[in-house]
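Structural overview for review
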Amino acid sequence: MKFTHIALASSVLALAATAGSACEISARVNIVGNEFPAIHSVADAAKECTGGEVKANLTADHQKINVAGMTGNPAEYTSAIIANSSIVALMNEDVIRPLDDLVAKHGDGLQKPQLITIDGKIMAVAFMANAQHLVYRADVLEEIGVEPPKSYEDLLAAAKMIREKGLMENPVGGAYKAGWNLAQEFNNMYLGHGGSFFEPGSAKVSINNEQGVAALEMMKSLSEYMNPDFLTHDSNATNAEFRAGNVALMNMWGSRAATLADADGVVQEVKDHMAISGPLTVAGGSDAASTLWWDGWTVAKNIPDAEAEATFVALTHGIRPEMLNEETEPQAVWLIDGYEPTDAAQGVFEAVQMSTSPYPMLPYMGLLHTALGAELSDFMQGKESAEQALADAESAYTAAAKEKGFLN
Amino acid sequence: MKHRTFFWFFLPTGLAMLLFIALPIVSVLFQSVHTPHDAVLVTVENCGPFGCKEETTIDQEATRALRDAEPLGKFVGLQIYFDRGHLAVAEVAEAWRSTDSIGAFLGEISDLPFYRAMGFTLTYTFTVTPLLIVLGLMIALAVNSLNRHLKGLVIFFSLLPMIVTPLIGSLILFWMIDSRGVLGSALQYLTDDPTLSLKASTGLTWVMLIIYGVWHSAPFAFVVFYAGLQTLPQDQLESAQIDGATRWQRVRYVVVPHLMPLVTFVALIQLMDNFRVFEPIVGFNAEAHATSFSWIIFNDMGGETRLLSSAATTSVLTILGVAVLLTPVLIRTWQDFKGKT
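Residues numbered from 1 in each chain as written. Chains lettered and ligands numbered in written order. Predicted model: local features only at pLDDT ≥ 70, side-chain atom pairs only at ≥ 80, totals over all residues. Heavy atoms only, no water.

Within an unreviewed UniProt entry, the label attached to chain B reads ABC transporter, permease protein, and the organism entered is Phaeobacter inhibens. Per UniProt, chain B has the following entry under Subcellular location (unreviewed entry): "Cell membrane". (UniProt positions renumbered as here; feature names shortened; annotations may be inferred.)

Here it is as structure tokens:
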């Protein structure tokens, strides 16, 4: 047994060496990014490079520091790992550089869809996809004799049956914490109703409409079946409820699916019967009530070319096909050549097939997201009407957009 | 002291104050009357893993030209102060016109972020401050009358709430009052209401935050008052005792007047501290029910698209608020000081 392990390990090492994936860089690399297992794996792989120091600062607060950390000249961070929402803040401040030359020189292993092209210039390299989709308990649905829901209406009906049968008091989970999470759930639901956030080609917001009201009403109906503390539950707290066996149906991030049943103290039934399917539709629509996300990396603008090249080489090494192994494969839906989807990736793949909308990459979307997060909680608590909440969000956004110079 | 001597004596301190207090305030003031330039937007084609799409982006060349022409940004005067995120002048006027009772007017106003934050901040400040002074005094009197062998231990334990960082303290309490936590379950059992949740109701959230605030700051008042109690005029207390004053009368007529300057000091510090209430709101995830000025600043600076002018404006308004709040206490201190000289 021990012998085979060693033999296996040495053959992997030999393979790595022969694959010519040794990574040699000549300058410093400093990465800032979010904190979850897939990103740790990328950063760890980048750290294999020799010749220059590779540092990484991975923290949930990355968005509070990445713009500031890349604004100086020379910039503190040579790369920020971002998603389609957060690249906008870096683009707005003009702190990342086009990568066309570097892709031509060092980007042989990269696939075309990985290259994020804005106005004809490659600005980032994506390495994973993410989306929110249905996570459910197969045993509970079996007990009430219901197929896994395809729409939010089905989900509500199932939740009602579960409660009436006395199986669970609050069978629905949702990351509805006031702020970013709540706004994201609204975005999903609003897009599922076929809504659009802005008047075409302008920064003028338009969400106080039929779809907006319908989206909020659906969220309210769902919250009736949630833990009463739902306005304080982010995705961590929602997962904890699911792990404890208190929740049977929830809309959850694909990047969480692989590790959902892994933590200490997870109830055995949850481990045995957790299942995943694609995102739900709503109100008879065909578009999924979800958004598609990619995570990728960028290279800072205000650094010497040598550092930019070293950063590009190290991070390309970080997402090369050889970094995929038993441990890293289930961590994400990798946009890397040779990646074989695991069971945990099924939901995100279905989201891609269901023509789910990507999260809009607009310079002012972040302002709307913040405004929604602050203004929708009054409606969820029953303190005001849906129309009033949407009107509040619109005026909060408009004030912010005027300040930032997006609106006059 | 001669003026010359005083000048050289005070110079280093004065410079430090200028550098670390006055200049930042000036810079915040400056920022609050400027906004970023108008963004020049262009429509471009974006491509990625999910296909290509026409999207809007900022024209960096054109924006840089604007920025170089006016490096400070656009001067907007008091526009940010009056917008919906702050004093909301237009919205308040509209609410005044469209409502027919004070209650309805206040209801409309409390929907605006600044006034909602003001409502909680002032309630918090004016309940927590007196409560913590009373509680601190009670603990100090109790500890002072303990046997001296016990004192050290009791003082140590009484100070613990202050040693815990506010954010961590509130997070611990947050999980204890969860409907599945120790205190939450106990409350559900005691009230015989399995649906009771402290975190789901605005009123209970406020009560919780206020209790937390008192719990956290009472040790500070306690320690100050306890130090003050060590300087009690013993002759006066003894003569009061001989005259037949009860324990309560001695506290009321001798101890409290003796501690009055310290009460002013604690009130001054705590009014300021409580006006800046922030960590408990984050720790208790309470932003759906309660916000404060500091929280608004945090929220403006933490978003994906930072609202720096807005944050600066709220900071200036907070400084003004603290100044207004402290004026009565400062006047009192000044009068005490003049009375003594």
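With that settled, consider the pairing of strand β3 (residues 51–58) of chain B. Put simply, side chains in a regular strand alternate between the two faces of the sheet. All names here are of chain B. With eight bridges joining them, strand β2 (residues 41–48) and β3 adopt antiparallel strand pairing. Bridged to T43 within β3 is T56. Adjacent in sequence and paired antiparallel, β2 and β3 are bridged by two residues. (Pairing = 2+ DSSP bridges. Helix = DSSP H or I, 4+ residues; strand = E, 2+ residues; numbered from the N terminus.)

Now for the interface of chain B and chain A. In this complex, chain B contributes 50 residues to the contact, which on the side of chain A involves 62 residues. Summed over both sides, the interface of chain B with chain A buries roughly 4800 Å², with 49% coming from carbon and sulfur. Connecting chain B to chain A are five salt bridges. Inspection of the chain B/chain A interface yields 23 residue pairs in polar contact (both at pLDDT 80 or more). At the level of secondary structure, the elements contributing two or more residues to the side of chain B that touches chain A comprise β2, β3, α2 (60–69), α6 (113–144), α14 (293–302) and α15 (308–340) of chain B. A per-element tally of the side of chain B that touches chain A places β2 of chain B first, with six residues. Class assignment for the residues of the side of chain B that touches chain A results in 17 nonpolar, 18 polar and 15 charged. In terms of strand pairing, strand β4 (residues 115–118) of chain A meets β2 of chain B through two bridges, oriented antiparallel. Directly across from T117 of chain A, in β2 of chain B, lies its bridge partner C47 of chain B. (Contact = heavy atoms within 4.5 Å. Buried area = accessible area lost by both parts, 1.4 Å probe. Salt bridge = Lys/Arg side-chain N within 4 Å of Asp/Glu carboxyl O. Polar contact = N/O pair within 3.5 Å; in protein donor to acceptor, adjacent residues only side chain to side chain. Nonpolar A, V, L, I, M, F, W, Y, C, P; charged D, E, K, R; others polar.)

Right, let's get into the confidence of the model for chain B. All names here are of chain B. For chain B, per-residue confidence averages 90 on the pLDDT scale, and residues scoring 70 or more make up 99% of the total. Within chain B, no element has a lower average pLDDT than α2, which sits at 86, and none a higher one than α6, at 95. If you check the scores for this complex, the pTM reads 0.88 and the ipTM reads 0.86. (pLDDT = per-residue confidence, 0-100.)

To continue, consider unusual backbone geometry. At the junction of N73 of chain A and P74 of chain A, the peptide bond is cis and its omega measures out at 0° in the coordinates. Mapped onto the secondary structure, P74 of chain A falls in the loop between α3 (62–71) and β3 (79–83). Its identity as a non-glycine residue notwithstanding, N285 of chain B has a phi of 50°, on the positive side. Relative to the elements of secondary structure, N285 of chain B occurs in the loop between α13 (279–283) and α14. You can call N285 of chain B buried: its relative accessible area is 11%. (Buried < 20%, exposed > 50% of the residue type's maximum accessible area, 1.4 Å probe, protein only.)

Residues and elements named next belong to chain B. When the UniProt feature table is mapped to this numbering, "transmembrane region" (unreviewed entry) covers residues 7–30, 122–141, 153–177, 206–229, 250–272 and 307–331. Along residues 7–30, the helical share is 100% and the strand share 0%, with 30 Å between the first and last C-alpha atoms. Along residues 153–177 one finds 88% helix and 0% strand; the C-alpha atoms at either end are 28 Å apart.

Moving on: the state of the cysteines. Put plainly, two cysteines are in a disulfide when a covalent bond ties their sulfur atoms together. Residues and elements named next belong to chain A. Counted by the stated rule, this structure contains two disulfides over all chains. Residue C23 pairs covalently with C49 via a disulfide, S to S 1.9 Å. Note on the C23 and C49 pair: the S-S dihedral is about 95°, so by sign convention the disulfide is right-handed. Here C23 is found in the loop between α1 (2–18) and β1 (29–33), whereas its partner C49 is found in the loop between α2 (37–46) and β2 (54–58), with 26 residues between them in sequence. In terms of burial, C23 and C49 fall into one category: buried. (Disulfide = S-S within 2.5 Å.)

Take the pattern of salt bridges next. Summed over all chains, the structure comprises 21 salt bridges over all chains. R163 of chain A is the partner of E169 of chain A in a salt bridge, and the nearest nitrogen-oxygen pair spans 3.9 Å. E169 of chain A sits in the exposed class, given a relative accessible area of 53%. Two residues, R84 of chain B and E375 of chain A, come together in a salt bridge whose shortest N-O distance is 3.4 Å. Separated into two different chains, R84 of chain B in the loop between α3 (79–82) and α4 (89–98) and E375 of chain A in helix α15 (residues 365–375) make up a pair that spans both. By relative accessible area, which is 5% here, R84 of chain B ends up buried. Connected through salt bridges with shared partners, the residues D94 and K301 of chain A together with E61 and R64 of chain B form a single ionic network.

This next bit is on the packing of helix α7 (residues 148–163) of chain B against helix α10 (residues 202–229) of chain B. Residue and element names in this part refer to chain B. For the pair α7 and α10, the least separation of the axes is 6 Å and the interaxial angle reads 140°. As summarised for this structure, α7 and α10 are arranged oblique, according to the angle between their axes. In this structure, the crossing between α7 and α10 has a hand that is left-handed. Contacts between α7 and α10 involve K151, I155, S158, L159, P161 and M162 from the former and W215, H216, P219, F220, F222, V223 and Y226 from the latter. For the contact of α7 with α10, the per-class residue count stands at ten nonpolar, two polar and one charged. (Axes fitted to C-alpha atoms, helices over the stretch in contact; angles between N-to-C directions. Parallel < 35°, antiparallel > 145°, perpendicular 65-115°, else oblique. Left-handed = near helix turned anticlockwise from the far one by under 90°.)

Okay, the nonpolar core next. Residue and element names in this part refer to chain A. The biggest cluster of nonpolar side chains holds 83 residues, and the ones touching the most others in it are L222 and Y397. At eight residues, helix α17 (residues 386–403) tops the list of elements feeding residues into this core. With residues up to four places along the chain from it excluded, the contact list for L222 reads Y152, L155, L156, V172, Y176 and M189. The next biggest cluster of nonpolar side chains, apart from the first, holds 71 residues, and it includes I81, A300, I319 and I336. (Core = buried A, V, L, I, M, F, W, Y, C linked by side-chain atoms within 4.5 Å.)

Residues and elements named next belong to chain B. Two numbers describe how α6 lies on α10: the axes approach to 6 Å, and their chain directions differ by 40°. By the angle between their directions, the pair α6 and α10 is classed as oblique. Viewed along their axes, α6 and α10 form a crossing whose handedness is right-handed.

This paragraph deals with the side chain of H34 of chain B. Residue and element names in this part refer to chain B. In this fold, H34 is placed in strand β1 (residues 34–35). A distance of 2.8 Å separates the side chain of H34 from the backbone oxygen of F30, its partner in a polar contact. With residues near it in sequence (within four places) discarded, H34 still touches L72, G73, K74, F75, V76 and S309.

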